[in-house]
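Okay, here's what each chain looks like letter by letter:
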Amino acid sequence: MGTQPSSRQPALFSYHIDLEARVAADHLLRQVATVLDLSFVAPAVRHLYGRSGNVSLDPKIILKMMLLLFLYNVPSERELMEQVRVRLDFLWFLGFDLDTEIPNHSVLSKARARWGEEVFQKLFIQTLQQCVKAGLVNGSLLHIDSTIVKASASKDSVVTTSPEMVSALRQAYQQQRCKLEVLPVEPQDSMPAAPPPAPASEAQGAIPVSEPAPQPALRVVESPTDHRPESAPATNLSTPELRVMPAVLADSRHATGSKPEVKKLPVNSTHISTTDPEAELARNKSGVTELNYKEHRLVDDAHGIITALEATTSNVPDGSQLPALYEQHQSNSGLKPAAVTIAGDHHYGTAPNYIYCAKEAVRAHLADAGAHLEERGQLPLSQFVYEANEDRLRCPAGHYLVLHQERPEEQAKVYLIEDAKHCAQCPLREQCTKSKLGRSIQRHVQAQVVEAARTEAKSSAARQSRKRRRHVMEGSFADAFNNHGAKKARWRGLARQRLQSWLIATVQNLRVLVRKLRRRPAAAALQLEIVKIATLEISRLFERSRSSGAFRVFLSPGTLILIRIRPLANLDGLGGREL
């Protein structure tokens, strides 16, 4: 019997350690490495690196590290480097050995600042096109939805100020963020004069702008409400100031003892986070108001492949992103099926979306976002007859609503009853209007197209598409939340949130692609051969039962093939399906 020594002495040399043999054949990372194509990375970022100085880490390895960060939902980049140090599968995926020096976690943040958004968008499109070639994207039925992503900022960082101050702070934040980006050096021929000699490591290549020459900062100063002349304190004259005048709450000429009426402004025009100024306050599904972003997705129905996505601030309307997402889907996938259907909830069933879908020859299975007057017991627009020659509407009581106002920005016209007395004396007033001015109707200039789309949206096929959308979209977002950390932003800023969205969508599409290709051709051929043999045997047994009349064949549901032959007297309680 062997015993392990009490004191362990590490071996000086290890000649028989092979990472290739220690990663299982069906390991997820081995499958991902088979389908992952990063050949575009080096040409895309080569112009961002110099020809001299320290040799940087391979861009492919950096991108693989970022994929590991979201594929396994590692909490932080520091934690990722610690896991790379101890996990053999991570080392194998990155092409490292046991004695390879693990890079510092700051390599990832520097690469994100240096590369920008283009590389990550290309990675998403490259993976999507692989899914298209594998037959995972049909393109005939698309689902659209959005979700809230909690920003990496606390509500304690929110301050209240004037709208002018909020705008100035966000502008200053954009300027400071641009200074932290890494930009390439301009060519020598474009420089106006010969620069002074620089060290060899800084002569060419990328220069981090995080260490610029001292520049005057922008000082935002609110002017006091008291305009009496005072001796201003001495300040640095070289520092520019942006003086913001306070908002006038009421006209002083009409000041009275009563409290002046103050127009209520949107909350995000007077509130801003000092930690992440681009994050906006919004209420989530639980009714809690937090600093959030919003992610919009377009998902194919066949296998749940994400074909288009966009990250915006949290108060961007969902319906406004449908045209951009559909155009992005066409550009990314390159598919042009004969018939395309888009399914969405009531946030997307707006008149502009209906008209856009009609223009693009797309069936709009979008739930109507109208006022739903019928559900509230009021007369809908369909009860009013439009007379094109006179450009007016006739109500069910026979009175006319004439043109009252045109709204070009909304592509709509407002019609108002000719005389309010008609509505006051009308027997249908209770179910028509409660306004003292009488009934008014806003009608789109392309009302016929909108009404046809709304009729299509109420069909049984549209209801079935929206039922399917609930399953596909909720599953896509739930997978991103539970397995890839999409519920909360890892980094601050809208641009970095886009990077996170692209990386998570790439990881999700890769997992679907791996599942599809995991069935090997040999196994699929063997299964087909088994089915052929089983079908032949079933047909023989069935012929035997027909000729003798003493046997019947039953198949057990669920498994591939399970045949039971029983006499007629023992058929009760089998629960099988009779052939």
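See the structure above.
So, here's what we can say about the structure. (Residues numbered from 1 in each chain as written. Predicted model: local features only at pLDDT ≥ 70, side-chain atom pairs only at ≥ 80, totals over all residues. Heavy atoms only, no water.)

Not every positive phi belongs to a glycine, and Asp391 is a case in point at roughly 55 degrees. Mapped onto the elements of the fold, Asp391 is located in the loop between β13 (385-387) and β14 (392-394). Positive phi is not limited to glycine here, since Gln411 has a value of about 50 degrees. With respect to the secondary-structure elements, Gln411 resides in the loop between β15 (400-407) and β16 (412-417). (Helix = DSSP H or I, 4+ residues; strand = E, 2+ residues; numbered from the N terminus.)

Tallied over the full model, the rule gives 19 salt bridges. Linking Glu77 and Arg112 is a salt bridge whose minimum nitrogen-to-oxygen distance equals 2.6 Å. Of this pair, Glu77 sits in helix α5 (residues 77-86) while Arg112 sits in helix α7 (residues 106-115); the two residues are 35 residues apart in sequence, bridging distant segments of the chain. On the basis of relative accessible area, Glu77 is assigned to the buried category, the value being 12%. Residue classification places Arg112 among the buried residues on the basis of a relative accessible area of 11%. A salt bridge links Glu118 to Lys122, with the shortest nitrogen-to-oxygen separation between them at 3.5 Å. One end of the pair is Glu118 and the other is Lys122, both in helix α8 (residues 118-133) and four residues apart, which spans about a single turn. The class for Lys122 is partly exposed, based on a relative accessible area of 36%. Several salt bridges share partner residues, and in doing so they unite Glu117, Glu310 and Arg498 into one network. (Salt bridge = Lys/Arg side-chain N within 4 Å of Asp/Glu carboxyl O. Buried < 20%, exposed > 50% of the residue type's maximum accessible area, 1.4 Å probe, protein only.)

Let us now look at the nonpolar core. Leu80 and Trp115 are the most contacted members of the largest nonpolar core, which has 65 residues in total. Non-local contacts of Trp115, meaning those with residues more than four positions away in its chain, are made with Val45, Leu48, Tyr49, Pro59, Ile62, Leu63 and Phe120. In this structure, Leu298, Leu325, Tyr354 and Val362 belong to the second largest nonpolar core, which totals 21 residues. (Core = buried A, V, L, I, M, F, W, Y, C linked by side-chain atoms within 4.5 Å. Contact = heavy atoms within 4.5 Å.)

What follows concerns helix α4 (residues 59-71). Compared with an ideal rise of 1.5 Å per residue, which puts 13 residues at 18 Å, α4 spans 18 Å between its outermost C-alpha atoms and is within 8% of the ideal. Counting buried residues in α4 gives eleven out of 13 residues, a clear majority hidden from the surface. Looking one or two residues beyond α4, the residue adopting positive phi is Asn73, at roughly 50 degrees. (Expected span 1.5 Å × (residues − 1).)

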